[in-house]
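Descriptive analysis of the structure
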Amino acid sequence: MDLIRNAKGFLFDLDGVFYQSGKALPGAIDTLDYLRQKNIPFRFLTNTTTKNRKTLQIKLSEIGLKCIEEEIISAGYVGIDFIRKMCSPSCRFFITDNLKKDYSEFEENPEKPEAIVIGDFDDWTFDLLNQAFQHVMNGAEIIAFHKGKYYKVDSGLRLDAGGFVVALEFATGKKAQIVGKPNKAFFQCALDDLNLTPEEVVMFGDDLINDVQGAQNLGISGILVKTGKYHEGMVESSGIDPDDFINSIADLPTILNS
Ligand SMILES: [Mg+2]
């Protein structure tokens, strides 16, 4: 646990680590309070794109996870800059209405977009997926906020956006450009914000590919948290080797005090 104690700052996944199904996980609020008391800097690094950053900050605060917008690095938020850097292509969005408000600066072209933008989206039908496929075959780039496989809700596991992105990649032979975790640039955003180096921070998450391996690809220690989607056997079959494990984010104050 020395690498946790020696860290100057932390990066945290949110879903499955601090909250699940819209409720704070046990001990998460106390851990956040502890970090504030000790003035330990951190950023939440989330691929969640069901809500824009402002709405997410309000929702978190409502469930006791008090934070400011600037402490949240979300794929939906970083995606704006990502598309600007691609010289603002015309887009067709497959994202929630809440997030779409943040993307009003980009031209929407439902007929022949230069890029399709995929985030968390519950309205997929065969027809919509087929339209997305047609756009890509007609030359559109695939911009995906993330390629998450699944996440945990109270009723069980739930299919994430990745399956739809991969279906389009498979059918079109074109690779999606990923905005959020595990994209190195996404982690770098958080490091720049904290003004810390990869060696000075530790990443905590319940997703092996996006959180643990994503962090490790940039030289950041990746800790697997055994809440959220964690289950027995997931590490053994993955080929990914977390730098350490903790049972819950609730344990963080005890580890830092020991
Ligand atoms: Mg998670």
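Everything numeric in this text was worked out from a predicted model, so none of it was measured.

**Side note on the domain arrangement of the protein chain**
The assigned domain composition of the protein chain is domain 1 (2-47 + 181-257) and domain 2 (88-178). Look at where the C-alpha atoms of domain 1 and domain 2 centre, and you get two points 27 Å apart.

**Some remarks on the sheet that holds strand S11 (residues 177-178)**
Pairing within the open sheet is parallel, and its four strands lie in the order S6-S7-S8-S11. Here the strands that pair on one side only, and so sit at the sheet edges, are strand S6 (91-94) and S11. Pairing of strand S8 (residues 141-144) with S11 involves two bridges; the strand directions are parallel. When the sheet's bridge partners are listed, Ile 143 is paired in S11 with Gln 177.

**Focus on the pairing of strand S4 (residues 42-46)**
Burial analysis of S4 places five of its five residues in the buried class, the great majority of the element. Residues Phe 42, Phe 44 and Thr 46 point to one face of S4 and Arg 43 and Leu 45 to the other, with burial holding for every one of them. The pairing of strand S1 (residues 9-12) with S4 spans three bridges and is parallel. Directly across from Phe 12, in S4, lies its bridge partner Phe 44. Strand direction decides the pairing type here: S4 and strand S5 (residues 72-74), joined by three bridges, are parallel. Directly across from Phe 44, in S5, lies its bridge partner Ile 72. In the classification by handedness, the crossover that spans S4, the intervening helix H3 (residues 53-62) and the parallel S5 is right-handed.

**Description of the sheet that holds S4**
Read from one edge of the open sheet, six strands run S5-S4-S1-S12-S13-S14, paired in parallel fashion. In this open sheet, the two strands that pair with only one neighbour each are S5 and strand S14 (244-246). Averaged over neighbouring strand pairs, the angle between their axes works out to 25° when direction is ignored. On the sheet, helix H8 (residues 184-194) packs against S1, S4, S5 and strand S12 (201-205) and is oriented at approximately 160° with respect to S4.

**Description of unusual backbone geometry**
The residue after Lys 181, namely Pro 182, is reached through a cis peptide bond having omega 5°. Mapped onto the elements, Pro 182 comes out in the loop between S11 and H8.

**Some thoughts on helix H6 (residues 126-137)**
Here H6 is 12 residues long and its end C-alpha atoms lie 16 Å apart, about the 16 Å a rise of 1.5 Å per residue gives. Looking only at H6, the buried set comprises Ala 132, His 135 and Val 136. Here the buried residues of H6 occupy an arc of 100° about the axis, which is enough to place them on one side. Every exposed residue of H6 that faces more than 90 degrees away from the buried side is listed here: Phe 126, Asp 127 and Asn 130. If you follow the buried residues of H6, they end up packed against S6, strand S7 (115-118), S8 and helix H7 (162-172). One or two positions beyond H6, positive phi appears at Gly 139, with a value near 110°.

Quick notes on the rules
Residues numbered from 1 in each chain as written. Predicted model: local features only at pLDDT ≥ 70, side-chain atom pairs only at ≥ 80, totals over all residues. Domains from an automatic or database assignment. Pairing = 2+ DSSP bridges. Helix = DSSP H or I, 4+ residues; strand = E, 2+ residues; numbered from the N terminus. Buried ≥ 20, exposed ≤ 12 C-beta atoms within 10 Å, placed from the backbone. Right-handed = clockwise from strand over helix to strand, strands pointing away. Axes fitted to C-alpha atoms, helices over the stretch in contact; angles between N-to-C directions. Contact = placed C-beta atoms within 7 Å. Expected span 1.5 Å × (residues − 1). Arc of directions from axis to C-beta.

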